[in-house]
Amino acid sequence: PSLTDRTSFRLLVSQLQDRAPTFDPAPSNQVLTEEVTWSYSLPGVPRYPGQALGYRALQTLPTGMTLSATGLLTWTPTDQQGPQLYTLAVEVFD
């Protein structure tokens, strides 16, 4: 005869702590050159690994600048756009 052992146990699945995705590190100020293409991938960090993130501008971007769904900012500032200071406001969401 074969010998066996049996047991039972419980698993408690807790709710994920509800927190927003973040930028880490936070984007820093940068200096661009007219007529030179610049790109920057926003460093969004999800609240848990593997979570899909989205990005959006909170204000109108400068003419010609794009923000992709994956958080890539791309821009080739024209000579008419410089010298000038631009402030970008973006958000990351899940």
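See above for the structure.
Summary of the structure given here.

Reading guide: rules and limits
- Residues numbered from 1 in each chain as written.
- Predicted model: local features only at pLDDT ≥ 70, side-chain atom pairs only at ≥ 80, totals over all residues.
- Heavy atoms only, no water.
- Salt bridge = Lys/Arg side-chain N within 4 Å of Asp/Glu carboxyl O.
- Helix = DSSP H or I, 4+ residues; strand = E, 2+ residues; numbered from the N terminus.
- Buried < 20%, exposed > 50% of the residue type's maximum accessible area, 1.4 Å probe, protein only.
- Core = buried A, V, L, I, M, F, W, Y, C linked by side-chain atoms within 4.5 Å.
- Contact = heavy atoms within 4.5 Å.
- Polar contact = N/O pair within 3.5 Å; in protein donor to acceptor, adjacent residues only side chain to side chain.

## Side note on the pattern of salt bridges
On inspection of all chains with the given rule, the structure shows two salt bridges. With its nearest N and O atoms 2.9 Å apart, the salt bridge here joins Asp94 to Arg47. Placement of the pair is Asp94 in the segment after β7 (90-93) and Arg47 in the loop between β3 (44-45) and β4 (54-57), with a sequence separation of 47 residues. We classify Asp94 as partly exposed; its relative accessible area is 43%. Across the pair Glu91 and Arg56 runs a salt bridge whose closest N-O atoms are separated by 2.4 Å. Taken as a pair, Glu91 in strand β7 and Arg56 in strand β4 lie far apart in primary sequence, 35 residues in all. Judged by its relative accessible area of 41%, Arg56 is partly exposed.

## Overview of the nonpolar core
Counting residues in hydrophobic clusters, the biggest one holds eight residues: Trp38, Leu42, Tyr55, Met65, Leu73, Trp75, Val90 and Val92. Breaking this core down by element, the ones donating at least two residues are β6 (72-75) and β7. Residues in contact with Tyr55, not counting those within four places in the same chain, are Phe23, Leu42, Gly44, Leu67, Ser68, Ala69, Thr70, Gly71, Glu91, Val92 and Phe93.

## Concerning the side chain of Gln81
With respect to the secondary-structure elements, Gln81 resides in the loop between β6 and β7. A polar side-chain atom of Gln81 sits 2.8 Å from the main-chain amide nitrogen of Thr78.

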